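These are the residues of each chain, in order.
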Amino acid sequence: MYSEWASLSAEINANSCGAQCFSVLNKFPASAGREVVISVVKQLGTNLGITQNAEPSHLVKDDEVKWCMDVICFGLSLPLQEHETIKDCVNVYCEWLTALHPQPRISVPKPICEDANLYARQIINHFHNLFVPRQGESTDTIKRQAVLCHRVLRTLQQTAQISQQMDRQTWDTLLLFLLAINEILLAPPTVKDDVGDQLCERVLSVLFEVWLLACVRCFPSPSLWKTLQESCAMWRHRVALVDQWNRVNLAMTAKLLEFSYGPDFTQLKNVEDESQLIPTGMSNDCVAQTWYRFLRMIGNPTALCSPHLISKSPHFVQWALTHEKGAETHQHPCLQMLPQIFLNAMRGISSQVDAFLGIYRASGNPQDQSVVTNLLEIRHSLNEATSSTLQQFIHSNSVSNISMQQTGASSQTQHHHHHHHYPHLHLHGAGHFLRDNFVSSSASSALNAIMGHHHQQHHQQQHPQQAQLAGYSSICGASPTNLCPVGGSISAGGSHSAGVVGCISFSTAEAVPLSSGSGNNSVTPTPPLQRRLAKSFSVAPSVTTQQKGLSRTALISLTRSSANAAAAAPTTPTSGPPSSSSINSLPSIGNEIRPPPLSMARPKCNSILHLFGEWLFEAAHIGGDTWLQNRKKQACEASKRPSSMIMENRKGSISLSQPNSLNDPSSLPPTLTIDKYESGRAEAIGTLCKIFCAKKTGEEILPVYLARFYMALQQCLKITESKECDETLASILLHSADLFRLDLDGINVLLPGFIAALEIVLPDKDLKLKTQALTFNRTDLRRSAINILLSIMVLPLHYQALPIRNLASGDTGEKVLTFMQLKARLMNILMNALQVELDAQNTHMLLGGLLLCVQDAVTFEETFDLGSGSEHLSGAAGAQHHEENLLSSDNAHALFVRATYLVCHRLISSWKTDLNVSLAALELLSGLARLHIRDTDALECKRAVKWICDYICYQCSRPPPAHSKDLHSTIVAAFQCTAAWLMQHPYLLQEKDCLQTVLEVVELGISGTKSQSKNGDLPKFKDEKELKPASMRVRDAAENLLTIVLEQVGYFPSECGPESISSLLDEMALMKHCNSLPTGDGSAGVCNAEQAISKFKYFVTENSTILALLEEPLGNDQDPQPTVTLLIRGPFGRHAWTMQLRHLPRSKSGIKYHAANPGRPIPMNDITQRPECEQKNFPEGVDKVQPCVADYSIPTLDLIREQYGAGIISELEAMLENQNIHEKLAWAESDNSVDSLSHSHECVPPTVCHEFHAARLFLSHFGFLSFEIRKPNDPVESLAPPQRPLIVLDTKSAAFATDLDKLDKLSARTHDTVYCFYVKAGQSSAQQIIGNMAEDQSYDAHFANMLQTLGWPVQVAEHSGWTGFAHNSWSLKGADRQHQANNNVTSESNYNGAQRVLYWADVSSEIAFVVPNAWNLRYNNDMDACSLSSNCSEQNTASNVWIRSDETGSMKSSKPRNLSLELDTGNRGKEPVPPTRRKGTVSKPTLLVQAPAKVFLVWLESFEDYLNFPVEDLLVYARTGEEVQPMQLPRAADCHVIFVHSLQSGLLRVKLLGPPGRMSFATPLVDGMVLSRRVVGNLVRQTALNISRRRRLDNDNYQPPHVRRRLKVQDIVQKYKMDLSEAELLAHLFQRSV
């Protein structure tokens, strides 16, 4: 980098030898000199004002001052026993140095004040004597020396900060002095507690801080920079060097980013005000120049892995030669810190990479919460130097421009004098190390082609290209004439690749002497900076906490990887199933500490790799196979050369011609073997993973970087025989979560290696980490591994039989591995990981991945109809690792069985106490239930239902303290899951055991107990049980399941289709088919709602069901029967029934003769002869029977005559005679009449009866007229209000029809809406995004295909379900045809809700997918204007399920129903009231609650656009008409956004954003998951439904649809009921409807 410039090492050598610090007193005996010093210095010290008032100095001539300075110079070299004398010398010189201050002290001699710079240079040189280590001194004496040295350093630093008159020579002298004292203190091997060890950090911090100050005041010459670099190479065995280097680099990087990326970029805020480190007034050009020079100061950090190289200095050679037993230089004990130093260097580079990427990194020490490194977003892109070549240059004007910008007053002459002495900064791409070490010949040729030059040309002078770094525009020269030819050589300083990626070269033209630029015209007054102690960045275990400056926590926060940042957390999972009585909730699922998104304006990966790639690539190979092979190769080549002693140009040190780093590794001590550098290697490879994971959509990474990265990963992913997870493997997994989601070319060649790594980490419950210096949180490590797993799960079925190339292509005979062969291994990893995972967040992610796998396998087999072929494709790999049985197969059916068994088992055993894991497991089971698998096993389905029911029983049976909102939420979700299984597998209810299990659970949910706890117990009838359910929410869920079992299982979808579970008939539709309705001209619609309702009779039963009875037949005159048409409006929908009273079944009553006149039957004239016979009253032989007393109990006529007299008998006879005469007269009269039988007409059938009053017949038959029989003597019944089985409604009110319509507008199912958007690359405004759906816009065809898989396209005018808008949902078909005229105008993808919408529904939920465009904004604005009126508000409120209704104002004080465990029966009597008989007096207070969930589905062309997605601006397009109050308006913070990004491979990447709630993120989609296009629609729909369900579960005030309808019925009852007695009710039944 500085090869064209001479080093100033000779001057430093002279200072080290004391050439400039020699006093004339050295020629006299030591005692004489000591006495002179004591006498003189004591007198000088009394005038300083320390012990008494300061007095003007008596030294008025130059000779006097010089003589005194000669004495003080000798005094500074006295033995440390003369501490007080040395202290006085220091005090005198420190006071005299104030001559450089704006206000010198009064005690400073006049000659010094007049020529301050001259004397200051001498004083600075004399100070060297103080820092020379004294041999054989005690620890206490050394500490005293260190205190004095601190005083001098503080004075020099303060003087440099506040002085305004220091000239260039003084600055150079100061910098050389600092270099010299660092050399004399730090170059020797470290000895614990010597003066060098105690002053190490302080002298380094002062050197760097003063050097930075010099960059502002008087930019150091290239020779000084070269000397600094060479000196640092000699100090690399000191921990403090790398720590201070990291500290300066991080502060400079923060400053660089601040001006490079504009005012929006916030500074990287370091601890203890790191702004003091960067001098005030440093220009942008100066920052860029200084930053790059400091970055390359210590050379290649990988040299720290070579103890032979680090110990090559003369000081180590001297130690080895003087060692008692003889030793090699690399065996010095201080070199044992090299692995830690190497790790610190890698951490420093990692922290700078983080800064460029915009990664925020918090402190890892919980005790120091103030330690924060705030790396905020980088706003402007750090452009690549060029996109096609590695050879990069940064062109700048001369550094005199820096001074000119600061002073603003320098003349052109001064500029002319200075501009030759300062370097031009160039970034030069060096590829020689890559070719020599890690790239094959073919790769080397490719690299040469990319770089645009060959190896032979690399050492030739080249003219830089004209391409510039835009991010360094402030550095670039204003004119291309400033470009100078540079040499392509690498930097000196002991490392052969110190300038690995680029080197700083200097112009050689027009060189002039240094003295030509000296003068007092190069500085500007600068505010003095406060004194600042040294900052230690050391994290070595041996560094004590007594070291001053920045704590180790600060370094951790600045340079530690994210794994270390999490080290404060427990390293073992602690989230297993607890034994507490309450269910756990996991805030981290929605609230977890996620890595923040990378900055949108971050530089390209190539740019960062140009800066740090060479170091990181080399460090990643340390200790690997490639590294060892190259070392052996180099050693072999070196052994062929003769060994000869050569003199090194650095201070005359002696070394062998062959590199010492190639010596036998066996000679290294055990603490310095190459495996001890594993931590630094792990940090390097982790940093590389972070860089490549920062790739943007469409960004190109140079092939050479990809090749080197893949080779490094392959080396680091090799699994050892011990199957342990070492630091390198853990670091890769921790930082590679996004690696397979970024369209990296050729990344799939690493798939086998990553799968092998996942097989070590995920299936192991007690993961063993083989770590040295790094600490990893096992939970975070597993989470990152799961992220990788979720991104590769779909690859086998996507690429199928495509072979995977092996990077080590030398073994041609190796069997080719295909993607399909990896499927079985991936499935086993997933299953085993789910079986042992204890962390709730990780379990949540695994459950989502499991459903993805099963869903993808099912869809794959359905699509390609592989059947056994799929098993054949996947069985090859499975046969190698597993037995051939069901559980080892990976087809769809086997995965279904394994997933069902595993999830059910863990749900019962260990997940039941965790809210979010339970919900995720139940969501997965619901998803499995919906899969249509060819060979579904009924036994498995039955077992799954049994497990879910057992889960409900367990949760309900937990002790009362455990019952909480979260617990009840899991029970409600389990009921919903059971309903899903029964709906998809209705045959399960044919099994007696399964039906009994389900009904027992329903009974448990409704009543709180089972009728039969055990099989042997006698059942307890419901009248005998106390109704005490777990909660009202649980009872509602059980009622819903019961209704589904009785009404929907096996019958859904009905004839109405899935869009409605209610009948599509209402009063209007029925009356159109009624004969009594005047049709007029025959057109439909002559009847309005009021007229139709007047034909019906309305009753309410159970206080929850409205019966509408129509007694008129529906146009069937051929077979008139007593008919009643019934409309039932209940909690679960509207149903229409027609009932007829028939005396015969239809099969027998259908054969009838309907002739008008059946005719008279033909008479039969045959007269039969009737035999004459005597009628006998008694049988023959009765007279032979002897009479008994009983026979005489009936008196004879003669006996009566005797008893009562003959008169009575005569009267009776007369009456009989008269009656006989009257009958004969009547017969005679009838014979003569025309109506007699002989004169009667023929018989004709009676007219058919068309009018039947069947309503009362129906009510009677169904038991609605059986009034309650009360016991007057029972006080309980006498006080309780009568239980009316039937309530009559008054339908004459005009508002009755409106309320009835509002009830019909309340759906019996939940309804949700998903809004779909398409975002083109770079779009960030709502107008642009909405404009994408215009007719003339084009978009990705896969987006349209995805929309078609979300639901069914429906015409809004013909749709009777949820449309996404409250005003036109749940309308009867054909009711509104106002928009049908424009149907032909809509495009295929226009699903904005105006005419078409995408719709999907099951038995319990509806969901509409709306693709908004400009029409939605106009419509919503119109709706907002309409909502201002009360009419619109009332209508919208009817379907709003997020507001509680208020039935009775007098009962507002009662608690919300779902917060109470008591039933809402107002007065509990002696016998419990059945739960279905709900009283109208139950209060539901009005509560303002959160708005329903807003779910956005966003298709991204560029993945990074999710950071700028305008959720807030798009909310105006996402209105449903239910937002009737300001509290219910959606907010951006409450929105859930599902981003889908299409990868080049054809797969889809998912990104989830949502509110930080406990239950925000639902499955099956997981943040970062990679999907196949086959399943995206299904999984997106399930995720949207589950998000909405979780939000409803988490809402205290949400009411299920059937509860909402029941409350509306009760409200209608309260408004329109007629208080009729029993007699009035019966009389009402005989009244005709209007």
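Report on the accompanying structure. What you are looking at is a predicted structure, and each value in this text was computed from that prediction instead of being measured.

Analysis parameters
- Residues numbered from 1 in each chain as written.
- Predicted model: local features only at pLDDT ≥ 70, side-chain atom pairs only at ≥ 80, totals over all residues.
- Heavy atoms only, no water.
- Helix = DSSP H or I, 4+ residues; strand = E, 2+ residues; numbered from the N terminus.
- Buried < 20%, exposed > 50% of the residue type's maximum accessible area, 1.4 Å probe, protein only.
- Contact = heavy atoms within 4.5 Å.
- Areas by Shrake-Rupley, 256 points an atom, 1.4 Å probe, with all protein chains shown as cover.
- Pairing = 2+ DSSP bridges.
- Salt bridge = Lys/Arg side-chain N within 4 Å of Asp/Glu carboxyl O.
- Phe/Tyr/Trp six-rings, centres within 6.5 Å; stacked < 30°, edge-to-face > 60°.
- Lys NZ or Arg CZ within 6 Å of the ring centre and 35° of its normal.
- Axes fitted to C-alpha atoms, helices over the stretch in contact; angles between N-to-C directions.
- Parallel < 35°, antiparallel > 145°, perpendicular 65-115°, else oblique.
- Left-handed = near helix turned anticlockwise from the far one by under 90°.
- Nonpolar A, V, L, I, M, F, W, Y, C, P; charged D, E, K, R; others polar.
- Core = buried A, V, L, I, M, F, W, Y, C linked by side-chain atoms within 4.5 Å.
- Expected span 1.5 Å × (residues − 1).
- Disulfide = S-S within 2.5 Å.

1. Describing the overall build of the protein
Then, number 1: Along the protein, the regular secondary structure elements total 57 helices and 22 strands.
Then, number 2: Burial statistics for the protein: of 1634 residues in total, 55% are counted as buried.
Then, number 3: Long-range pairs, those at least 24 residues apart, make up 77% of the contacts in the protein between residues at least 6 apart in sequence.
Then, number 4: In the structure as shown, the protein presents an accessible area of about 71,400 Å², 53% of it carried by carbon and sulfur atoms.

2. Comments concerning the environment of Arg1632
Then, number 1: The residue Arg1632 is located in the segment after helix 57 (1622-1629) in this model.
Then, number 2: Separated by 537 residues in sequence, Arg1632 and Lys1095 place their C-alpha atoms 8.9 Å apart.

3. Re the side chain of Arg1549
Then, number 1: One can find Arg1549 in strand 20 (residues 1548-1553).
Then, number 2: Accessibility expressed as a relative area gives 7% for Arg1549, which makes it buried.
Then, number 3: When near neighbours in sequence (up to four residues on either side) are disregarded, Arg1549 contacts Asp738, Arg741, Leu742, Phe1503, Phe1539, Val1540, His1541, Leu1543 and Met1569.

4. Overview of the sheet that holds strand 14 (residues 1310-1319)
Each strand in a sheet pairs with its neighbour through backbone hydrogen bonds, running either in the same direction (parallel) or in the opposite one (antiparallel).
Then, number 1: Here we have eight strands laid out as an open sheet, ordered 15-16-17-14-18-19-20-21, and mixed in their pairing. Each edge of the open sheet carries a strand with a single partner, namely strand 15 (1352-1355) and strand 21 (1570-1571).
Then, number 2: Note: strand 14 against strand 18 (residues 1494-1500), six bridges, orientation parallel. Within strand 18, the position partnered with Cys1316 by the bridge is Leu1497.

5. Some remarks on the sheet that holds strand 11 (residues 1123-1130)
Then, number 1: Here six strands make up an open sheet; going across it, the order is 12-11-10-9-13-22 and the pairing antiparallel. Each edge of the sheet is formed by a strand with only one pairing partner; in this case those strands are strand 12 (1133-1140) and strand 22 (1617-1618).
Then, number 2: Bridge analysis of strand 9 (residues 1097-1101) against strand 10 (residues 1105-1110) gives five bridges, and the strand direction is antiparallel. Looking at strand 10, one finds that Tyr1098 is bridged to Ala1108.

6. Here's the deal with the pattern of salt bridges
Then, number 1: Counted by the stated rule, this structure contains 37 salt bridges.
Then, number 2: One salt bridge connects Asp140 with Arg144, and the closest N-O pair in it is separated by 3.7 Å. Taken together, the residues span about one helical turn, with Asp140 and Arg144 both in helix 8 (residues 139-162) at a distance of four residues.
Then, number 3: Judged by its relative accessible area of 47%, Asp140 falls in the partly exposed class.
Then, number 4: A relative accessible area of 42% places Arg144 in the partly exposed class.
Then, number 5: Note that Lys965 is salt-bridged to Asp1596, the shortest N-O span being 3.1 Å. Taken together, the residues Lys965 in helix 39 (residues 965-984) and Asp1596 in the loop between helix 55 (1576-1594) and helix 56 (1601-1616) connect sequence positions 631 residues apart.
Then, number 6: Its relative accessible area of 34% is what places Asp1596 among the partly exposed residues.

7. A word on the packing of aromatic side chains
Then, number 1: The full count for this structure, using the stated rule, is 37 aromatic pairs.
Then, number 2: With a centroid separation of 6.1 Å and 50° between ring planes, the pair formed by Tyr93 and Trp96 is classed as tilted. Taken together, the positions of Tyr93 and Trp96, both in helix 4 (residues 83-96) and three residues apart, correspond to about one turn of that helix.
Then, number 3: Given the relative accessible area of 0%, Tyr93 is considered buried.
Then, number 4: Residue class for Trp96 comes out buried when judged on its relative accessible area of 2%.
Then, number 5: A ring pair is formed by Phe131 and Phe177, whose centres lie 5.8 Å apart and whose planes are at 75°; its orientation type is edge-to-face. Separated by 46 residues along the polypeptide, Phe131 in helix 7 (residues 128-131) and Phe177 in helix 9 (residues 168-186) bring together distant segments of the chain. Taken individually, Phe131 and Phe177 each receive the classification buried, so the pair is uniform in this respect.
Then, number 6: Feature note: the residues Tyr1315, Phe1317, Phe1496, Phe1503, Tyr1506, Phe1509 and Phe1539 constitute an aromatic cluster, connected by ring pairs.
Then, number 7: Lying over the aromatic face of Tyr954, Lys912 brings its terminal NZ or CZ to 4.8 Å of the ring centre.

8. Re the packing of helix 25 (residues 605-620) against helix 28 (residues 703-716)
Then, number 1: Between helix 25 and helix 28, the least distance of the axes is 11 Å, while the angle of their chain directions is 30°. If you check the angle between helix 25 and helix 28, you find them roughly parallel. Viewed along their axes, helix 25 and helix 28 form a crossing whose handedness is left-handed. Counting all contacts with helix 25, which are made through Asn606, Leu609, His610, Glu614, Phe617, Glu618 and Ala620, the residues of helix 28 involved are Tyr705, Arg708, Phe709, Ala712 and Cys716.
Then, number 2: Within the contact of helix 25 with helix 28, the residues separate by chemical class into seven nonpolar, two polar and three charged.

9. Some points on the pairing of strand 12
Then, number 1: Strand direction decides the pairing type here: strand 11 and strand 12, joined by eight bridges, are antiparallel. Paired with Arg1129 across the two strands is Arg1134, which belongs to strand 12.
Then, number 2: Hairpin geometry of strand 11 and strand 12 is characterised by an intervening segment of two residues between the two adjacent antiparallel strands.

10. Quick notes on the environment of Leu1497
Then, number 1: If you trace the backbone, Leu1497 turns up in strand 18.
Then, number 2: Looking at Leu1497, the relative accessible area reads 0%, which means it is buried.
Then, number 3: With 83 residues separating them in the primary sequence, Leu1497 and Val1580 have C-alpha atoms 8.2 Å apart.
Then, number 4: Apart from the residues lying within four places of it in its own chain, the contact partners of Leu1497 are Val1314, Tyr1315, Cys1316, Phe1317, Met1346, Leu1350, Ile1538, Val1540 and Val1580.

11. Examining the nonpolar core
Then, number 1: If you look at the biggest cluster of nonpolar residues, it comprises 317 residues, and the most contacted ones within it are Trp96 and Trp981.
Then, number 2: When residues of this core are assigned to their parent elements, the largest contribution, 15 residues, is made by helix 10 (residues 195-217).
Then, number 3: When near neighbours in sequence (up to four residues on either side) are disregarded, Trp96 contacts Leu44, Leu59, Cys68, Met69, Ile72, Ser107, Val108, Pro109, Ile112 and Ile123.
Then, number 4: Counting residues in hydrophobic clusters, the runner-up holds 29 residues, among them Val1354, Tyr1399, Tyr1506 and Phe1539.

12. A word on helix 12 (residues 239-260)
Residues separated by three or four positions in an α-helix point in the same direction, a consequence of the helix having 3.6 residues per turn.
Then, number 1: Between its terminal C-alpha atoms helix 12 stretches 31 Å, which fits the 32 Å expected from 22 residues at 1.5 Å a residue.
Then, number 2: For helix 12, the buried fraction is high: 20 of the 22 residues fall into the buried class.

13. With respect to unusual backbone geometry
Then, number 1: Here the residue pair Phe1052 and Pro1053 is connected by a cis peptide bond, since its omega of -5° sits within 30 degrees of zero.
Then, number 2: By secondary structure assignment, the location of Pro1053 is in the loop between helix 41 (1032-1048) and helix 42 (1067-1071).
Then, number 3: At the junction of Thr1563 and Pro1564, the peptide bond is cis and its omega measures out at 5° in the coordinates.
Then, number 4: Summarising the element assignment, Pro1564 is placed in the loop between strand 20 and strand 21.
Then, number 5: Located in the positive-phi region is Asp743, a residue other than glycine, with phi close to 60°.
Then, number 6: Despite not being glycine, Asn1103 has its phi angle at roughly 55°, a positive value.
Then, number 7: Relative to the helices and strands, Asn1103 resides in the loop between strand 9 and strand 10.
Then, number 8: Judged by relative accessible area, Asn1103 falls into the buried class, the value being 12%.

14. Digging into the state of the cysteines
Then, number 1: Tallying each qualifying case throughout the model produces zero disulfides.
Then, number 2: Cys716 takes part in no disulfide bond, and the closest cysteine sulfur to it belongs to Cys689, at a distance of 8.2 Å.

15. Points about the pairing of strand 10
Then, number 1: Counting buried positions along strand 10 yields six of six residues, so the element is predominantly enclosed.
Then, number 2: Of the two faces of strand 10, the one lined by Thr1105, Leu1107 and Leu1109 and the one lined by Ile1106, Ala1108 and Leu1110 are each fully buried.
Then, number 3: Taking the residues that link successive antiparallel strands as the turn, the strand 9-strand 10 hairpin has three residues, and the phi of Glu1102 there is positive, at about 60°.
Then, number 4: As paired elements, strand 10 and strand 11 share five bridges and run antiparallel to each other.

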